[in-house]
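Results of the structural survey
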Amino acid sequence: MRQHAQPIADSLVREVAKPAKQSLDEVVRSADLIDYTAEEGARALGAGELLTSDSFPGQTRNKLCLVSKVPLGVVLAIPPFNYPVNLAASKLAPALMAGNAVVLKPPSQGVVAGAHMMQCFAKAGLPKGLVNMGSEIGDYLTLHPLVSCISFTGGDTGIAIARRAGMVPLQMELGGKDVCIVCSDADLDLAAKSILKGGFSFSGQRCTAVKLVLVVKEVADALAAKVAAGVAKLTVGDPKDDVDITPVISDSSADFIEGLVEDARAKGAKFLTPYRREGNLIWPTLLDHVTPEMRIAWEEPFGPVVPIMRVDSVDQAVAHCNANNLALQGCVFTRDVNRAIAISDAMETGTVQINAAPARGPDHFPFQGFRDSGIGSQGIRNSLAMMVKIKSTVINLDKDSYARG
Ligand code: G3H
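These figures come from a predicted structure and were not determined experimentally. (Residues numbered from 1 in each chain as written. Predicted model: local features only at pLDDT ≥ 70, side-chain atom pairs only at ≥ 80, totals over all residues. Heavy atoms only, no water.)

**Focus: the pairing of strand 2 (residues 63–71)**
Spelled out, the test is: Between any two strands, at least two bridges found by DSSP are needed for them to pair. Note on conventions: DSSP H or I runs of at least 4 residues are helices, E runs of at least 2 residues are strands, and numbering of each starts at the N terminus.
The pairing of strand 1 (residues 49–52) with strand 2 spans four bridges and is antiparallel. Bridge pairing in strand 2 links leucine 51 to cysteine 65. Looking at chain direction, strand 2 and strand 22 (residues 388–396) are connected through nine bridges and run antiparallel. The residue of strand 22 that forms the bridge with cysteine 65 is valine 394.

As structure tokens, then:
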């Protein structure tokens, strides 16, 4: 993949309008992820356990239990359009290391990049038939009796898949409404920089993007001014030119984003940057004085729109965060580490970043969503554990001869 990184990255630019440098980064990150998975898997999956029966009350020592990890069978991997390569690799690599076969269902936009990646695997000597790429989704793949695990990243479709999956183990990541809580003692320059990067990279089309800023009133004006100054400098246009903001994935996605923006406008949000749209290219939009009555206070735009809600207290911010069914990540900015830990403990989300924007990487860290944001934990180590089942073999020694021995 490293040798063929550029053509794969070029596909990402063309298919999903990911800026050129981020596209190349995605490919390199995926190669690194595969390397790490191979190393981690060799050790983690090779380790078994031996239990002896006499450690349980009333038992003698004649039973020995060998605990091993065995493959699940066929893993169905369904990555999303925003990381067609990386979130395919993050499913494929642990599945293969654990001894499974894989059916990859690439996103419709991102399928060419996925096919390039598959060619790399073939060139690297992957046995034929071990990974197959299919274009059919719906019931055929997700309900197929030979599928032993579904690893899915995407939107609401995941909930429907989960409801029908029955006994099939699931690894699901279904997005988030990642909040950024800014306390009165925060480093506002750092917070503003992180909101800018976290909210607008890949035009906000990341499940871990900053999707709502909850700032205490004392510092709200200062923070809003700093973020607005940064937004004004973002470049907009063609992903080939490596600009910051590129077209969102589809017209329907742009329509949805516009619906949230117009709902906020109608309910009194203040626009710190003018809203502008040409086709599915939306200029970066910063909204202030967002209130809980607005849809954008709860729904994820998956686009270059960052709403700011001013709160009376951090408790109010935490309560808003916990009232949302989407609970992937969140972040808190404060100079007081004790306070940061207390806030993190109170936030019911899969991950809380202290003094940095939400992010999945580094890729060996656990990554999980609470409530409607997901099932199971990802990250290389947890994905390896997810891709096996535990098998016990119990050796029953003959009690008498064992005792004599
Ligand atoms: O869009 C969902 C991804 O898992 C986010 O990954 O934090 O590396 O952008 P990222």
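That was the structure; now back to the text.
**What about the packing of aromatic side chains?**
Given two aromatic rings, their pairing is described by the distance between the two centres and the angle made by the two planes. Here is the rule we go by: Only rings of Phe, Tyr and Trp enter the pairing, Trp through its six-membered ring, and a pair is recorded when the two centres are within 6.5 Å. The plane angle decides the type: under 30 degrees is stacked, over 60 is edge-to-face, the rest tilted. A ring is scored as having a charge over it whenever the NZ atom of a lysine or the CZ atom of an arginine sits within 6 Å of its centre and within 35 degrees of its normal.
If you walk through the whole model with that rule in mind, you get one aromatic pair. The ring of tryptophan 283 carries arginine 276 above its face, with NZ or CZ at 3.7 Å from the centroid. A cation sits over an aromatic face here: arginine 360 above tyrosine 83, 4.9 Å from the ring centre.

**Quick notes on the site of the ligand**
The condition is simple: Nearness is judged by heavy atoms alone; a residue qualifies as near a molecule or strand once a single heavy atom is within 4 Å of it. N or O atoms within 3.5 Å of each other form a polar contact, as long as, within protein, one can give a hydrogen and the other can take it, and as long as residues adjacent in sequence are counted only when both atoms are side-chain atoms. Reported accessibility uses the Shrake-Rupley method at a 1.4 Å probe radius. Residues are deemed covered only where the shown protein chains occlude them.
Taken together, the neighbourhood of the ligand is formed by Arg29, Asn82, Tyr83, Leu87, Glu173, Arg206, Cys207, Thr208, Ala359, Arg360 and Phe367. For the ligand, an oxygen atom lies 2.8 Å from a polar atom in the side chain of arginine 29. Note that an oxygen atom of the ligand is positioned 2.6 Å from one of the side-chain N or O atoms of threonine 208. Calculation on the ligand without its partners gives an accessible area of 310 Å², and the protein chains cover 96% of this total.

**Observations regarding empty space enclosed by the protein**
By rolling a water-sized probe across the atoms, one finds the places where empty space is left. Quick reminder of the rule: Buriedness of a pocket was judged along seven lines, with at least five required to meet protein on both sides within 12 Å; pockets are open sets of points on a 1 Å grid over the protein atoms alone, cavities are sets where a 1.4 Å probe fits but cannot get out, and lining residues have an atom within 4 Å of a point. Grid points are joined across faces, edges and corners, and a volume is the space filled by probe spheres set on the points.
One pass over the full model with this rule turns up two cavities of 30 Å³ or more. Around the largest cavity sit Leu33, Leu87, Ser90, Pro94, Arg360, Asp363, Phe367, Gln378, Gly379, Ile380 and Ser383, which together line it. Top element by residues in the lining of the largest cavity is helix 3 (residues 86–97). It accounts for three residues. Of the volumes computed, that of the second largest cavity is approximately 30 Å³. If you trace the second largest cavity, you find it lined by Lys177, Val179, Leu212, Ala297, His320, Cys321, Asn324 and Leu326.

**A closer look at the pattern of salt bridges**
Two side chains bearing opposite charge may form a pair once their charged atoms approach each other closely. Let me state the cut-off plainly: Salt bridges are identified by distance alone: a Lys or Arg side-chain nitrogen within 4 Å of an Asp or Glu carboxyl oxygen. Exposure is judged per residue with a 1.4 Å probe applied to protein chains only, and the accessible area is read against the type maximum: over 50% gives exposed, under 20% gives buried, and values in between give partly exposed.
As enumerated under the stated definition, the model contains 23 salt bridges in all. For aspartate 221, the salt bridge is made with arginine 310, and the minimal N-O distance between the two is 2.9 Å. Of the two residues, aspartate 221 is situated in helix 8 (residues 217–232) and arginine 310 in strand 14 (residues 305–311); the sequence distance between them amounts to 89 residues. With relative accessibility at 53%, the residue aspartate 221 sits in the exposed group. The partner of lysine 267 in a salt bridge is aspartate 263, with the nearest N and O atoms 2.7 Å apart. Using a relative accessible area of 41% as the deciding quantity, one classes lysine 267 as partly exposed. Each of the salt bridges in this network shares a partner with another, and the network as a whole consists of Arg2, Asp32 and Asp35.

**Concerning the environment of glutamine 171**
Selection criterion: Throughout, a contact is declared for two residues whenever any of their heavy atoms are within 4.5 Å.
Take glutamine 171: it is sitting in strand 7 (residues 170–173). Take glutamine 171: its relative accessible area is 1%, and that puts it in the buried class. Not counting chain neighbours up to four residues away, the residues in contact with glutamine 171 comprise Ile150, Ser151, Phe152, Ile375, Ser377, Gln378, Ser383, Met386 and Met387. Among the polar contacts made by the side chain of glutamine 171, one reaches the side chain of serine 383 at a distance of 3.0 Å.

**Thoughts on the packing of helix 7 (residues 188–200) against helix 8**
Geometrically, a packed helix pair is captured by the angle between its two axes and the distance between the axes. Keep this limit in mind: Orientation is described by axes fitted as lines to C-alpha atoms, over the contacting stretch for helices, and by angles from 0 to 180 degrees between their N-to-C directions. In this scheme, roughly parallel covers angles under 35 degrees and roughly antiparallel covers those over 145, while 65 to 115 is roughly perpendicular and the rest are oblique. In a left-handed crossing the near helix is turned counterclockwise from the far helix by less than a right angle, and in a right-handed crossing that turn is clockwise. Side-chain classes are defined by residue name, with Ala, Val, Leu, Ile, Met, Phe, Trp, Tyr, Cys and Pro counting as nonpolar, Asp, Glu, Lys and Arg as charged, and the others, Gly among them, as polar.
In contact at an axis separation of 9 Å, helix 7 and helix 8 are set at 50 degrees when each is read in the N-to-C sense. Classed by the angle they form, the pair helix 7 and helix 8 counts as oblique. Read as a crossing pair, helix 7 and helix 8 show a hand that is right-handed. Packed against helix 7, whose contacting residues are Leu188, Asp189, Ala191, Ala192, Ile195, Leu196 and Phe200, the element helix 8 presents Val219, Ala222, Leu223, Lys226, Val227, Gly230 and Val231 at the interface. A class-by-class count of the residues in the contact of helix 7 with helix 8 yields 11 nonpolar, one polar and two charged.

**With respect to unusual backbone geometry**
Across residues other than glycine, the phi torsion is negative in most instances, and most of the peptide bonds are trans. With an omega of -5 degrees, the peptide bond between glycine 361 and proline 362 qualifies as cis. Looking at where proline 362 falls in the secondary structure, it is placed in the loop between strand 17 (351–354) and strand 18 (367–368). In this structure, histidine 289 takes a positive phi of about 55 degrees despite not being glycine. Within the element layout of this structure, histidine 289 appears in the loop between strand 13 (285–288) and strand 14. The partly exposed category is assigned to histidine 289, whose relative accessible area is 35%. A positive phi is found at arginine 371, a non-glycine position, where the angle reads about 50 degrees. If you trace the backbone, arginine 371 turns up in strand 19 (residues 370–371). For arginine 371, a relative accessible area of 31% puts it in the partly exposed group.

**Digging into the UniProt feature "active site" (unreviewed entry) in the protein**
Where we set the bar: UniProt positions are given in the numbering used here, feature names are shortened, and annotations may be inferred rather than shown by experiment.
Residues given the UniProt feature "active site" (unreviewed entry) here are Glu173. Inspection of the secondary structure assignment puts glutamate 173 in strand 7. Given the relative accessible area of 2%, glutamate 173 is considered buried.

**Quick notes on the packing of helix 10 (residues 314–322) against helix 11 (residues 337–346)**
Their axes nearest at 10 Å, the elements helix 10 and helix 11 cross at an angle of 30 degrees. Compared by their axis directions, helix 10 and helix 11 come out roughly parallel. Helix 11 is crossed by helix 10, and the crossing has right-handed handedness. Where helix 10 abuts helix 11, its residues Val314, Val318 and Asn322 lie against Arg339, Ile343 and Ala346.

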